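The primary structure of each chain is shown beneath.
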Amino acid sequence: MARATHYFPRSFLWGTATAGYQVEGHATDTDFWQWEQGAGHIAHGQKSGLACDWWAGERWREDFDRAANDGHTTHRMSVEWSRIEPTPARWDEDALDHYRQMVRGLRERGIEPMVTLHHFVNPLWVAERNAWETGEAVALFERYARKVAQALGEHVRLWCTLNEPNVLLLQGWGAGVFPPGKKDIRLALKVGVNFLKAHAAAYRALHAIQPDASVGMPIHFRPIEPARPGFLLDKWVANTQFNLFSSVFFDAIRTGVMRQLPGQNVAVPEAKKTLDFFGLNYYTADISRFDLSVPGELFGRRSFPPDAELDEARFYASYPPGFYWSLNWAYRYGLPIYVTENGIGDEADQMRPRYLLTHLRQLWNAVNYNFDVRGYYHWSLVDNFEWERGWTHRFGLYALDPITQVRTPRRSAQLFADICKSSALTADTVEQYAPELMEGMFPG
Ligand code: FCB
């Protein structure tokens, strides 16, 4: 067996991603907080509560210290619209100052901030007006983006507009498991177009204030391959599902036309060329089999690839080739790529070291083919509130007890620190954390 070191470029950024609502606690003036109070909405009726106490208790300070000690050089966080603009056009300067301290705190620790303006959650007043459905949210979001850029621009160069609009659409207007809890395909198509318009408007607002801003829109990117590769109908359903879920927003930005369902084309010319980087959130992959009994799934029954390893909740499957496939797909856009999220829910940290190493090995392959990948954000730094799954899925490098707020490093925290500090995958690290991978990662 060879002993080698797989190096990443010197300037490569390493870090983790978090989202305001999931870590701050008591984001009470939001649609998601209200949604949490409804029966049956969150697993076991769990509540976000204090979350990781990044707001009232300012525990972001200690968590950013952890990130810095572990050699992280970037962090992706989000700001909560409801805190910044609690009622229409009334700006809360204290909230902006809190976020300014956070991004400055990152810089002071040698960590490059990436800031997301919208990560699934809306101020209650925006939700109550159905602003995403009527389209009013486009101008409101633009105004908010402008305000945030003015307040934080001194410290931030990397921005994300909307996080995973494809997931929010599906969960909020398709499956009805996120607010507003609707299952209405017609509305979902409309909201999708408004998300795209809001992204484009925010892109321009950010650039108007900060001409050298680098702006992306992370998409939850899921490869969907035909279950039976030679079978045309499987191919057709897999392609249709992939386009609708994974590629529709990116394609619309490339072409200026949003093609959500076959025959449903909406021109959004202002969306053209509104990306400076490709934000890739990759977790898992699917295969799809033609099946007349699932019209709601566009006649494709999806499952995980048969050879993939499932996480403890059977929610995601570890499928590293899908990561390379996604990077390769992103590469075709000719934009720099940031892996804005990647990770696995694994409380016992049995699978995470393997997941991390095998996925980073795929990333290294991409880098070696000269794909312009600039950074990697692991989801997540510390366990946080996982939306409709509450506290049942634990994605943190650090375990969190939400009651006592005690953090405990998982083995993966040290593993990731080794990788960040050396900007490399070494045989020693693999041998220490997942010896079973040695043969596959360092053959010959
Ligand atoms: C992504 C979300 C993020 C987190 C991870 C596990 O889809 O962007 O907030 O929930 O999944």
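Residues numbered from 1 in each chain as written. Predicted model: local features only at pLDDT ≥ 70, side-chain atom pairs only at ≥ 80, totals over all residues. Heavy atoms only, no water.

## Describing the packing of aromatic side chains
Applying the stated criterion across every chain, the model contains 44 aromatic pairs. Ring geometry for Phe 278 against Trp 329: centres 6.5 Å apart, planes inclined by 65 degrees, an arrangement best described as edge-to-face. One end of the pair, Phe 278, is in strand β11 (residues 278-281); the other, Trp 329, is in helix α12 (residues 320-331), with 51 residues separating them in the sequence. Take Phe 278: its relative accessible area is 0%, and that puts it in the buried class. Relative accessible area serves as the criterion here: at 10%, Trp 329 is assigned to the buried category. Taken together, the ring pairs in this structure connect Tyr 21, Phe 32, Phe 120, Phe 178, Phe 385, Trp 387 and Trp 391 into an aromatic cluster. A cation over a ring is seen here: Arg 66 above Tyr 398, with NZ or CZ 5.7 Å from the ring centre. (Phe/Tyr/Trp six-rings, centres within 6.5 Å; stacked < 30°, edge-to-face > 60°. Helix = DSSP H or I, 4+ residues; strand = E, 2+ residues; numbered from the N terminus. Buried < 20%, exposed > 50% of the residue type's maximum accessible area, 1.4 Å probe, protein only. Lys NZ or Arg CZ within 6 Å of the ring centre and 35° of its normal.)

## Quick look at the nonpolar core
In this structure, Val 79, Trp 132, Trp 159, Leu 327, Leu 357 and Leu 363 are the most contacted members of the largest nonpolar core, which totals 129 residues. It is helix α10 (residues 185-209) that contributes the most residues to this core, 12 residues altogether. With residues up to four places along the chain from it excluded, the contact list for Leu 327 reads Leu 280, Ile 337, Val 339, Gln 362, Leu 363, Ala 366, Phe 371 and Val 373. Residues Leu 13, Leu 158, Cys 160 and Tyr 355 belong to the second largest nonpolar core, which totals 16 residues. (Core = buried A, V, L, I, M, F, W, Y, C linked by side-chain atoms within 4.5 Å. Contact = heavy atoms within 4.5 Å.)

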